[in-house]
Amino acid sequence: MFSESDIRAAIAEKKAKRETFGRWEYLRLLHEWRGWPRGTLLADGVVVAGYPKIGRIQTLAGILSQFHAPFWVEEKIDGYNVRIFRVGDALYAATRGGLICPFTTDRLGDWIDPAVFSVHPDWILCGEVTGPETPYVEGASPLVPQGVGFFLFDIARQGTEGFFPAEERRALAETFGLPAAPSYGRIEPKESASLREIVLRLDAEGREGVVLKEDSPRNLRAKYVTGSAELADIASMAQRYLDVPPEYFTERVLRLALFLEEMKRSDRQEWNRRLGEAFLSSLQERIAAARQGRCVGTFCCRFHARENALRLLDSLGQIRGHEGETRLISLQEEGGYWVLRFQKLYRSTTGFLRNALGGSLR
Ligand code: ATP
């Protein structure tokens, strides 16, 4: 599909990067290239398109101006995005950025019957992985109180962009026994009152929100997040307060205010208290942690193959940005799994608080 010289040019322009997973070599797009989005994986005869961005709707009232046809309402699951696909005889799971994830690849057989790929080798199963035992995110959906789970929300085909219509996807998920993201039905844009009910129910249960998928050829999508989810994100990221860009918090506080205004909540005092708690309780915990030593996030994940646990550690060491430095605590066999425990150090938060506690003059 692309010549070797095209690929070399893309690498030279820093649009793409060569990666390997075991013996599989592939190219990952760091930016859009020749119409393929960031996160696309390319190899001989393989194109797995990047998962597209989903625009955010800031108010439910905004739906009327965006959606022109009925739309499906699906639960937005709080976890990390994966695309599961087959190359040769192997199944892989890629992250949003297009890296093969050793953890998800190791565990995908627990959620998906590989027979689906014997019938449809070119399918890409897109979904969210969530639960308290994942390597990337500290928060998890209440749908998975223990361990880790997968929820399918789209099916695509290799070599193309776009997804199967929602109804067809749900029927296929049922045929192949694939765990699917909960669906709350099909709604007309003017029926936003019923959408409000769904959102309020999800909010009361501490769930993340909804993704709306227009039932039309243009297949417009939009996400809307509940007030409880904004608070949960604030509380979780305040644990690494200075290791997160300030806009992370600014945007969530603004969206929470919009949510409360639109939902006409009568329990404002309670939300004021919850917002204060989301920031201050986390920060107090961090001050206590800094007094003892360091501010860290602690993670535990179970693998079938030890090799994949080592690959994960290796790849975490290479991830920059919000993620802190990774430190192995233990890797041992327990209950039929290789259990990996590690910590991420939140360097800026630790540094600031330790200086403050040590009496530094600023
Ligand atoms: P984006 O680039 O789309 O804005 P983001 O990193 O800001 O993504 P989110 O705000 O979490 O991510 O929203 C989009 C993500 O929501 C998707 O990439 C997907 O992983 C996740 N998601 C959870 N549930 C669904 C669902 N039912 N349908 C589609 N996506 C879902």
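Conventions we followed
Residues numbered from 1 in each chain as written. Predicted model: local features only at pLDDT ≥ 70, side-chain atom pairs only at ≥ 80, totals over all residues. Heavy atoms only, no water. Helix = DSSP H or I, 4+ residues; strand = E, 2+ residues; numbered from the N terminus. Rg over C-alpha atoms; globule rule 2.2 N^0.38 Å. Buried < 20%, exposed > 50% of the residue type's maximum accessible area, 1.4 Å probe, protein only. Areas by Shrake-Rupley, 256 points an atom, 1.4 Å probe, with all protein chains shown as cover. Lys, Arg positive; Asp, Glu negative; His and termini not counted. Charge placed at Lys NZ, Arg CZ, Asp CG, Glu CD. Near = heavy atom within 4 Å. Polar contact = N/O pair within 3.5 Å; in protein donor to acceptor, adjacent residues only side chain to side chain. Domains from an automatic or database assignment. Contact = heavy atoms within 4.5 Å. Buried area = accessible area lost by both parts, 1.4 Å probe. Salt bridge = Lys/Arg side-chain N within 4 Å of Asp/Glu carboxyl O.

## A closer look at the overall build of the chain
Of the regular secondary structure elements, the chain holds 11 helices and 16 strands. Here the C-alpha radius of gyration of the chain, 22 Å, is about what a compact globule of 362 residues would show, namely 21 Å. Taken along its principal axes, the extent of the C-alpha atoms in the chain is 60 × 50 × 45 Å. When each of the 362 residues of the chain is scored for burial, the buried share is 49%. Of the roughly 17,600 Å² that the chain leaves accessible, carbon and sulfur atoms contribute 51%. Each charge class in the chain can be summarised by its mean position, and for the 49 positive and 48 negative side chains these summaries are 5 Å apart.

## Observations regarding unusual backbone geometry
Phi is positive for Lys 14, close to 60°, though the residue is something other than glycine. Tracing the backbone shows Lys 14 in the loop between α1 (4–12) and β1 (16–21). The exposed category is assigned to Lys 14, whose relative accessible area is 61%. Unlike most non-glycine residues, Arg 34 shows phi in positive territory, near 50°. Tracing the chain through its elements places Arg 34 in the loop between β2 (24–29) and β3 (41–43).

## Let's talk about the site of the ligand
Taken together, 16 residues lie around the ligand, and Lys 53, Ile 54, Lys 76, Glu 128 and Lys 223 are the ones closest in. One nitrogen or oxygen atom from the side chain of Lys 53 is found 2.9 Å from an oxygen atom belonging to the ligand. Take Asn 81: an N or O atom from its side chain is 2.9 Å from an oxygen atom of the ligand. Against a free-state accessible area of 610 Å², the protein chains account for coverage of 81% of the ligand. Residue assignment for the shell around the ligand shows that the elements contributing at least two residues are β6 (71–76) and β12 (209–214).

## Concerning the domain arrangement of the chain
Taken as a whole, the chain is organised into domain 1 (4–225), domain 2 (230–290) and domain 3 (296–345). Using only C-alpha atoms to locate each centre, domain 1 and domain 2 end up separated by 27 Å. Listed per partner, the contact involves 13 residues of domain 1 and 10 residues of domain 2. Between domain 1 and domain 2, roughly 1,100 Å² of surface is buried when both sides are summed, and carbon and sulfur atoms account for 45% of that area. Among the residues domain 1 hides against domain 2, the three largest losses belong to Glu 138, Arg 196 and Asp 203. Together they make up 34% of the total. Taken together, domain 1 and domain 2 are joined by one salt bridge. Between Arg 240 and Glu 138 there is a salt bridge; the shortest N-O distance is 2.6 Å.

## With respect to the side chain of Arg 252
Among the secondary structure elements, Arg 252 is positioned in helix α8 (residues 246–263). The exposure class of Arg 252 is buried, given its relative accessible area of 11%. Among the polar contacts listed, one links the side chain of Arg 252 to the side chain of Asp 233, at a separation of 3.1 Å. Not counting the four nearest positions on each side in its chain, Arg 252 is found in contact with Glu 230, Asp 233 and Ile 234.

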